[in-house]
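# Breakdown of the fold
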Amino acid sequence: MIKCDTTFDKKTVARIYKYYVKKHLRIPISRTIVGVGSIFLILFGTAYLADTISFHEPWGGFEIFMLCAALFGLFFLWYALFGAKKISLHQLNKQFLKNKQHSVIFHYTFDQKGIHIEKTDSSSFYSWKLLKKIWEQPDFYVFEIDTNRFGLIDKHGFKNNDHAEFQILLQKVLQPNQIEQHKLLIG
């Protein structure tokens, strides 16, 4: 049995978010659609208002509507650039850091059957066959359980020679399409 401890905090969850967005293209596509739509609202609203102001025309209901359209466009642009990521990170933080904790320690135990995960309030087990993919990075492993669940294993959390044993175990239990190694650029 190989053991590893990983501390989950906001920085760890931000790393997992990167893989969540990479796997789920609907998030970047929806952000792009909202961003383009907001630019359209801003341009259309400000162009009409600039025309109204430059010719000193009186303001009516349509001018107020165009002002609101431009302001909504600014809000949606902010949402597309910053808000969607912030809300998604907040949702992931709630998944990993319950009860507004600053950090949670996950205790991993690896064997031939799968991954045993224990934390203070729960424990779970995932068979190697249930894992869709494991990405190896320089300092950690990210594993995908299903389309909405990811986990992170900190390489620094292994004791003694357990990291080398873990890599050997991965080669034995995983299919080649389940693991993706970090590709270093050799220049």
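Notes on the structure follow. (Residues numbered from 1 in each chain as written. Predicted model: local features only at pLDDT ≥ 70, side-chain atom pairs only at ≥ 80, totals over all residues. Heavy atoms only, no water.)

## Topic: the overall build of the chain
Each helix and strand counted, the chain has four helices and eight strands in total. In the chain, the order of α-helices and β-strands from amino to carboxyl end is β-α-α-α-β-β-β-β-β-β-α-β. Looking at the 187 residues of the chain, the share that counts as buried comes to 38%. In the structure as shown, the chain presents an accessible area of about 12,100 Å², 63% of it carried by carbon and sulfur atoms. (Helix = DSSP H or I, 4+ residues; strand = E, 2+ residues; numbered from the N terminus. Buried < 20%, exposed > 50% of the residue type's maximum accessible area, 1.4 Å probe, protein only. Areas by Shrake-Rupley, 256 points an atom, 1.4 Å probe, with all protein chains shown as cover.)

## A few points about the environment of F143
Residue placement: F143 occurs in strand β6 (residues 140–146). Judged by relative accessible area, which is 1%, F143 ranks as buried. In this structure, the C-alpha to C-alpha distance between F143 and I179, residues 36 residues apart in sequence, is 8.9 Å. Every residue in contact with F143, bar those within four places of it in the chain, is listed here: Y108, I117, L131, K133, I134, R149, F150, G151, L152 and I153. (Contact = heavy atoms within 4.5 Å.)

## Some points on the side chain of S38
Considering the arrangement of structural elements, one finds S38 in helix α2 (residues 26–54). The exposure class of S38 is buried, given its relative accessible area of 1%. Ignoring sequence-local partners within four residues, the contact set of S38 consists of G73, F76 and L77.

## Focus: the sheet that holds strand β2 (residues 104–110)
The strand order across the open sheet built from four strands is β1-β2-β3-β4, with neighbouring strands paired in antiparallel fashion. Each edge of the open sheet carries a strand with a single partner, namely β1 (2–8) and β4 (122–127). For this sheet, the mean angle separating the axes of adjacent strands, direction not counted, is 20°. Of the strand pairs in this sheet, β2 and strand β3 (residues 114–119) are connected by four bridges, and their pairing is antiparallel. Residue pairing for β3: F110 is matched across the bridge by I115. The strands touched by helix α4 (residues 162–173) within the sheet are β1 and β2, with β1 carrying the most contacts at an inclination of about 105°. (Pairing = 2+ DSSP bridges. Axes fitted to C-alpha atoms, helices over the stretch in contact; angles between N-to-C directions.)

## Focus on the packing of aromatic side chains
Applying the stated criterion across every chain, the model contains 16 aromatic pairs. Measuring from ring centre to ring centre gives 6.1 Å for Y108 and F143, while their planes differ by 85°; the resulting arrangement is edge-to-face. In this pair, Y108 is assigned in strand β2 and F143 in strand β6, connecting sequence segments 35 residues apart. You'll find Y108 and F143 in the same group, each marked buried. Three or more aromatic residues link up through ring pairs in this structure, and these residues are F8, F106, Y108, F110, W128, Y141, F143, F158 and F166. Here the basic side chain of K155 rests over the ring of Y141, its NZ or CZ set 5.0 Å away from the ring centre. (Phe/Tyr/Trp six-rings, centres within 6.5 Å; stacked < 30°, edge-to-face > 60°. Lys NZ or Arg CZ within 6 Å of the ring centre and 35° of its normal.)

## What to know about the nonpolar core
It is characteristic of soluble globular proteins that their nonpolar side chains tend to be buried jointly. Counting residues in each nonpolar core, the largest one holds 33 residues, and the members touching the most others are Y108, F110, W128, I153 and F166. Elements with a contribution of two residues or more to this core: β1, α1 (10–23), β2, β3, β5 (133–136), β6, β7 (149–154) and α4. (Core = buried A, V, L, I, M, F, W, Y, C linked by side-chain atoms within 4.5 Å.)

## Overview of the sheet that holds β7
Backbone-to-backbone hydrogen bonds join strands into a sheet, with any given pair of strands oriented parallel or antiparallel. If you walk across this open sheet you meet the four strands as β7-β6-β5-β8, and the pairing is mixed. Single-partner strands in this sheet number two, and they are β7 and β8 (179–180). Of the pairings in the sheet, the one linking β5 to β8 comprises two bridges and is parallel in character. When the bridges of β8 are listed, W135 appears paired with E180.

## Brief notes about the pattern of salt bridges
The full count for this structure, using the stated rule, is two salt bridges. For D5, the salt bridge identified is with K159, shortest N-O distance 3.9 Å. Linking D5 in strand β1 with K159 in the loop between β7 and α4, this pair joins segments that are 154 residues apart in sequence. On the basis of relative accessible area, D5 is assigned to the partly exposed category, the value being 30%. Notably, a salt bridge pairs K155 with E136, separated by 3.0 Å at the nearest N-O pair. With a gap of 19 residues between them, K155 in the loop between β7 and α4 and E136 in strand β5 connect regions that are remote in the sequence. The burial state of K155 is the same as that of E136; both residues are buried. (Salt bridge = Lys/Arg side-chain N within 4 Å of Asp/Glu carboxyl O.)

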